[in-house]
Every structure is written in C-alpha cells, then in structure tokens.
Amino acid sequence: MKNIFLILLAFSTIQIVAQTNPITSINISLPASPDANTANWGTGTSLITISAVSRSAGGRVDPSVEESKILVVIKKDGAKVCGAYTSYTAPAANFGTPSKVWSGVNAAALLGKDCTLPPGDYELSVQFFASSAAAPVALSEEHTKVFTIHANDQQNYQAPQGVAPPTGMELSDADAKKPIIFRWTPVIPKPQEPVTYRLRIWQVTQGQNAGQAIKSNQPIIIKDIDNLTQAIITDNSDCAPPYLCDFVWTVQALNRDGKPIGDNNGTSQPYSYKKGGNVILYDTLNAIVLVSPENGSSVAEGKPLTFSWQLSRNTTLRPAFYKLRIVETNGKQPPVEALRTNKPFFEKDSISALSVQYPSSAPKFSENKTYVWSVQAFDKEGKPVGGKNGTSQPSSYKKGGNVILYDTLNAIVLVSPENGSSVAEGKPLTFSWQLSRNTTMRPAFYKLRIVETNGKQPPVEALRTNKPFFEKDSISALSVQYPSSAPKFSENKTYVWSVQAFNREGRLIGDKNGKLNVNHFIISRR
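Parameters at a glance
Residues numbered from 1 in each chain as written. Predicted model: local features only at pLDDT ≥ 70, side-chain atom pairs only at ≥ 80, totals over all residues. Heavy atoms only, no water. Helix = DSSP H or I, 4+ residues; strand = E, 2+ residues; numbered from the N terminus. Buried < 20%, exposed > 50% of the residue type's maximum accessible area, 1.4 Å probe, protein only. Contact = heavy atoms within 4.5 Å. Areas by Shrake-Rupley, 256 points an atom, 1.4 Å probe, with all protein chains shown as cover. Pairing = 2+ DSSP bridges. Axes fitted to C-alpha atoms, helices over the stretch in contact; angles between N-to-C directions. Salt bridge = Lys/Arg side-chain N within 4 Å of Asp/Glu carboxyl O. Phe/Tyr/Trp six-rings, centres within 6.5 Å; stacked < 30°, edge-to-face > 60°. Lys NZ or Arg CZ within 6 Å of the ring centre and 35° of its normal. Core = buried A, V, L, I, M, F, W, Y, C linked by side-chain atoms within 4.5 Å. Disulfide = S-S within 2.5 Å. Lys, Arg positive; Asp, Glu negative; His and termini not counted. Polar contact = N/O pair within 3.5 Å; in protein donor to acceptor, adjacent residues only side chain to side chain.

Asker: I'd love a proper account of the overall build of the protein, names of residues and values included.
Answerer: Along the backbone of the protein there are nine helices and 33 strands. Expressed as a percentage of its 526 residues, the buried residues of the protein come to 45%. Taking contacts inside the protein between residues at least 6 apart in sequence as the whole, the part at least 24 apart equals 70%. Carbon and sulfur atoms provide 50% of the accessible area of the protein, an area that totals close to 26,800 Å².

Have a look at this one:
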C-alpha cells in the first residue's frame, strides 16, 4: 500500500511540475577561466555565486521548494567529472524565501568534494529536485555555465621580479663578506600548485656585460627555494680590492615538474650589484642624476608637478638633505648661465627624500616660459657635499612647448665605457656616445680625447689640465674602436675621456666649447 502511495505521489508531482516549474530562474556567476582547483572557488578571482528564484503565492514559498534539493555538478562533454551528489542524495536547498543565494565557500561546498580539473572546456550544472518523491522529480530546468581551465603555459602568469639587492647596489668590502639577502616578488596570480624559485648568480668578468655573463658563464651559485620569496646567500667568490667585482642575478619560477611558470620562461629580468671596492665620483654633477621633469620636456599647465632625482649607482656620496632651486630663463639663455645669474623663482630646502611635489601655494609657472632646476646636496651638519658646491647638473623644462638644449653637457651622453667601470687590459675597447632625444643639435663630426689622471685627480680637472693620452678627430659615427696601434693603457691607471662636437665647417658647436660630460674608467688585470 505504501509503495502504491509513493508511486501516485510521484506521478501527481510530475504532472504538477510538468505544467510549470516552481523554481523559475537560476543564475550562475563564475569567471570564464577560474582556478583549476575548485577548493579555490570560495574566494578571490574564482569566486562562485549561485542564485535562484521560485514562484510564491502571497509571499509564501511553494512547499515543494521549501523541501527541495540542489544538485551542483561539473560536466565535460555531457558526462559528470566532478561532484559528490546525485539527484537522490543532493543536499537540501533550504529555500525559506522566494529567492535564495549561495556565494563563495557555501556555493563551492555544494559540489560535495574538491576537484582539480585538467585543462579543457567544462560546464557547471545546477538543478533543483523534489525531496519527497521516490524517483527524481525536477523542480527546475537544468541551468549550465560554460568555463575553461587553461594549462599552466596558457595562464597569464607574471614571472617573479627582483626586490633586493637592487640593480646598481654596491657592497663595501665588509658587507661583501656577510650573507646577502635576496628577495623577489611571487608569481602573480598565485598558481594552484607549489612553486620552486631558482636563484642564479653569475660573476661578470672584465669586458662582459650582464647579458654576456648570463649567456657564457657558469653560475657561481644555483639555489632552489620552495614556496619562499627570499634566500640568504654567502658569496665566497674571489674579489680582490680595490677592484669592483660585478655580479648579475635572476630568479626563475618552476612548477613541480620543473617547467617554467610565467612570461619570459618564468624568469625575472637580470639585476646587477657590485662588491669588493669603491669608485669615487669627485664631481657632484655626475653623482646626482635629475630624473623628472625630464630635461627638455614640456609640462602641461596646471598639472601637479613632482621633481625627482637619484644618486648615481657608482657614487659613494650619501647626502642627508637636498635643496631644490628653480629659476626662469630669459629668452634662449643657457641653463647653466640662468642658474648662475638669475634670481630664484622657487626654492625648497631640508628635503630628506629623493623627490618633492611642487606646492600648490608656490608661484605659478607661465605658459611657454622655460625653467631650469637643480638640486644641491648637504650633509647632516648642513654643509654642501661633493664638488661644485654640492650642486647637480641643471635640467630644464617648459610649460606648454619644447625646450632646446643649449648645453652640450646635456645634449650628448657618453655611453661606453661606463663611468667608473673597469676595463680588462688588452681587451678591444669601443668608445660610444649618443645624442639626447630632446636636443636639436646635429653634429657632423666628433673628436675623442683621452687623458690619464694623476692619483685621485678629479676627472674634470684632469681633462682640463693634462696632456692628451690619445686623440682622434673627424669621427662621423657615434662610436669608435680604440686602435690597436694606439698607446697601450696601463694596469691600475685611471683614464678620463670626452667628446667634442663639430659642424660641417669644422667649427665647435654647443656650449662648453662643444665638450661633453666626462667619463672615467680603470684598467684592471685580466
């Protein structure tokens, strides 16, 4: 008798539901490419939300809906691949109001189990069933949401990036003997599986750049770190003062199979540091580098303006405070002259950071006027530190137009050999330079001049007073190789070089008699 009653109840329920499903609307919110592990669907970028709406009469939910079950499964090509329940065993929906929402962890739990899905296309299925029927009776249509799981190499992972030591950092002899802490950012977004970070360190030999060292040299250190973004390394490489030894390091992210995770083969960009010696910049013109606003740039009227600068990576100068000075130029007045002769348009001292925002209460800049700025360095006692009374090279900008560089010191940039670098004795040596992207000066020829310094003679003084060690004129390119027939450089000697610019008639062009900034280099043993 009981069986007959259940069959009749099931039949009557089927007839009722067949006419109109009591649950009329289902909505699924899930990213198109969620995390492959459903355990991570409860939070973050793979958050899942399910909502449903039922028919009601006078605010009362249909009794069949109040006792309904919710079945959530994942299907691939129509077959279930994830989900612990069936239409018989699905958990209670607990519909107490005409609308119901399951979100985050509560929604993910409706699967009844955590699954890690292989790469491919899937659909998430949600459907409601009556709880009292002997056979499954649907109270809603099946609603699905299509999504895709990408393979690791298809994910848009960002490779780790170095944090410390930063590029250009110099370690003193004492610090170089201590363990060095290397830090980097994690892979973004966080992979579902453990990540191994492989730290590699190379020593850059004389005449090499960082890229050549990575390509040609064996790493002096290789260390794998599991799921951590730092490592403490003791570098026992041979580095004899007073020479600066160059090193370069990268970190690579790998999965459990040893395959790279992220762009650039899962590898960060290279970062360099030095240890074992010091290069002293005697001229603050080279020690402090003005960054923004860029020399020759145009600044929009009324926009907030931040002045920023940085210390050259080779300098040992460590100012305690800075002073910003801005002057307005008269016509085509060269920046150096304007800074020397014109009264200040604005000044701010006691700046402890490497940047400062121009105050809104300060004088307003005028459109199409050109302004020159510089930074002066001071020690803790308030005394200027460095040459040129602690003052940087000037930089100029204009409100609403272009700025012409009248000072050849800024117009042409010496590139190689890098200022303060060590050059291996007997190695081929190429001198190169380039024009600033802002200058309107277009020289026809250049002249290279090299002098040898005496002891700790400042580079600018050496170039001005010492007789030439080597000269070459009528250079039409932006580089020249040092001839094998020219005088040989001596080990442990320091040399200063600069370039002069000439027009087609052979006349010097630009201020400073056409001369550029000076660079110096040291000849080291092989």
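Asker: Any chance you could break down the sheet that holds strand E23 (residues 355-357) for me, citing the residues and the numbers?
Answerer: Strand order in the open sheet made by the three strands is E18-E20-E23, with antiparallel pairing throughout. Single-partner strands in this sheet number two, and they are strand E18 (288-292) and E23. For this sheet, the mean inter-axis angle between neighbouring strands, taken without regard to orientation, is 20°. Pairing of strand E20 (residues 306-311) with E23 involves three bridges; the strand directions are antiparallel. The residue of E23 that forms the bridge with Phe307 is Val356.

Asker: Just give me the short version of the environment of Lys177, but keep the residues and values in it.
Answerer: If you trace the backbone, Lys177 turns up in the loop between helix H4 (173-176) and strand E12 (180-184). Here Lys177 falls in the exposed class, since its relative accessible area comes to 70%.

Asker: An account of the pattern of salt bridges is needed here, citing residue identities and associated values.
Answerer: As enumerated under the stated definition, the model contains nine salt bridges in all. In this structure, the salt-bridge partner of Glu142 is Lys75, at a minimum N-O distance of 2.8 Å. Remark: Lys75 occurs in strand E5 (residues 69-76) and Glu142 occurs in the loop between strand E8 (120-129) and strand E9 (143-149); sequence separation between them is 67 residues.

Asker: Quick rundown of the pairing of strand E2 (residues 49-54)? Include the residues and the values.
Answerer: Of the two faces of E2, only the one carrying Ile50, Ala52 and Ser54 is buried; Thr49, Ser51 and Val53 on the other face are not. In this structure, strand E1 (residues 23-29) lies alongside E2, joined through six bridges in antiparallel fashion. Bridge pairing links Ile28 to Ile50 in E2. Pairing between E2 and strand E7 (residues 99-103): five bridges, direction antiparallel. Counterpart to Thr49 in the pairing with E7 is Ser103.

Asker: Explain the packing of aromatic side chains to me, using residue names and the numbers behind them.
Answerer: The tally for this structure, following the rule as stated, stands at 26 aromatic pairs. An angle of 70° between the planes, with centres 5.1 Å apart, marks the rings of Phe431 and Trp497 as edge-to-face. Of this pair, Phe431 sits in strand E28 (residues 430-435) while Trp497 sits in strand E32 (residues 494-502); the two residues are 66 residues apart in sequence, bridging distant segments of the chain. Summarising the burial analysis for this pair, Phe431 and Trp497 share the class buried. Plain terms: the ring middles of Phe469 and Phe489 are 5.4 Å apart, the flat faces sit at 20° to each other, and that makes the pair stacked. A residue pair is termed long-range when its members are at least 10 positions apart, and Phe469 in the loop between helix H9 (459-465) and strand E30 (470-475) and Phe489 in the loop between strand E31 (479-481) and E32 qualify at 20 residues. One aromatic cluster in this structure is built from Phe307, Phe345, Phe346, Tyr358, Phe365, Tyr371 and Trp373. For Lys76, the ring lying beneath its charged end belongs to Tyr122, and the centroid distance is 4.9 Å.

Asker: Can you tell me about the nonpolar core, naming the residues and giving the values?
Answerer: Nonpolar side chains tend toward joint burial in soluble globular proteins. Core analysis: the largest hydrophobic core is formed by 33 residues, its most contacted members being Ile74, Trp102, Leu124, Phe128 and Phe147. Those elements that provide at least two residues to this core are E1, E2, E5, helix H3 (105-108), E8 and E9. If you look at the next biggest cluster of nonpolar residues, it comprises 22 residues, including Ile180, Tyr197, Phe247 and Tyr273.

Asker: I'd like a rundown of the sheet that holds E31, residues and numbers included.
Answerer: Within the open sheet, the three strands sit side by side as E26-E28-E31. Their pairing is antiparallel. The open sheet terminates on both sides in strands that have one partner only, identified here as strand E26 (412-416) and E31. Taken over all neighbouring pairs, the strand axes of this sheet differ in orientation by 15° on average, direction set aside. Sheet analysis places E26 next to E28, joined by four bridges and oriented antiparallel. For Val413, the partnering residue across the bridge sits in E28 and is Gln434.

Asker: Now, about the environment of Gly426: what can you tell me, with residues and values included?
Answerer: Considering the arrangement of structural elements, one finds Gly426 in the loop between strand E27 (421-424) and E28. Remark: the alpha-carbon pair of Gly426 and Ser484, spanning 58 residues in sequence, is separated by 9.3 Å.

Asker: Give me the lowdown on the state of the cysteines, citing residues and values where you can.
Answerer: Going through the model one piece at a time under the given rule, you end up with one disulfide. Residue Cys82 pairs covalently with Cys115 via a disulfide, S to S 2.0 Å. Sign of the S-S torsion, about 90° for the bond between Cys82 and Cys115, identifies this disulfide as right-handed. Highlighted residues: Cys82 in strand E6 (residues 79-82) and Cys115 in the loop between H3 and E8, separated in sequence by 33 residues. For the pair shown, Cys82 and Cys115 are each scored as buried.

Asker: Outline the side chain of Arg200, supporting the account with residue identities and numerical values.
Answerer: Note on placement: Arg200 falls in strand E13 (residues 196-204). One buried charged residue, Arg200, forms no salt bridge at all, with the nearest opposite charge on Asp224 at 6.9 Å. Reaching out from Arg200, the side chain makes a polar contact with the side chain of Gln252 at a distance of 3.1 Å. In this structure Arg200 touches Pro219, Ile221, Ile222, Val248, Trp249, Thr250 and Gln252, once residues within four positions along its chain are discounted.

Asker: Summarise the environment of Asn106; cite the residues concerned and give the values.
Answerer: Locating Asn106 in the fold gives a position in helix H3. For Asn106, a relative accessible area of 55% corresponds to the exposed category. Sequence spacing of Asn106 and Ile50 is 56 residues, and the spatial spacing of their C-alpha atoms is 9.6 Å.

Asker: How would you sum up the pairing of strand E29 (residues 445-452)? Please name residues and give values.
Answerer: For a regular strand, the rule is simple: side chains alternate between the two faces of the sheet. Of the strand pairs in this sheet, E29 and E32 are connected by eight bridges, and their pairing is antiparallel. Residue pairing in the sheet places Val451 in a bridge with Val496 of E32. With four bridges joining them, E29 and E30 adopt antiparallel strand pairing. In the sheet register, Tyr446 faces E30, and the bridge partner there is Ile475.

Asker: Please set out unusual backbone geometry residue by residue, giving values where relevant.
Answerer: For the bond from Ala164 to Pro165, the omega torsion is -5°, close enough to zero to count as cis. Within the fold, Pro165 resides in the loop between strand E10 (162-164) and strand E11 (169-171). Positive phi values are uncommon outside glycine, yet Asn94 reaches one of about 55°. Among the structural elements, Asn94 can be located in the loop between E6 and E7. Since its relative accessible area comes to 54%, Asn94 is described here as exposed. For Asn265, which is not a glycine, the phi torsion comes out positive at approximately 60°.

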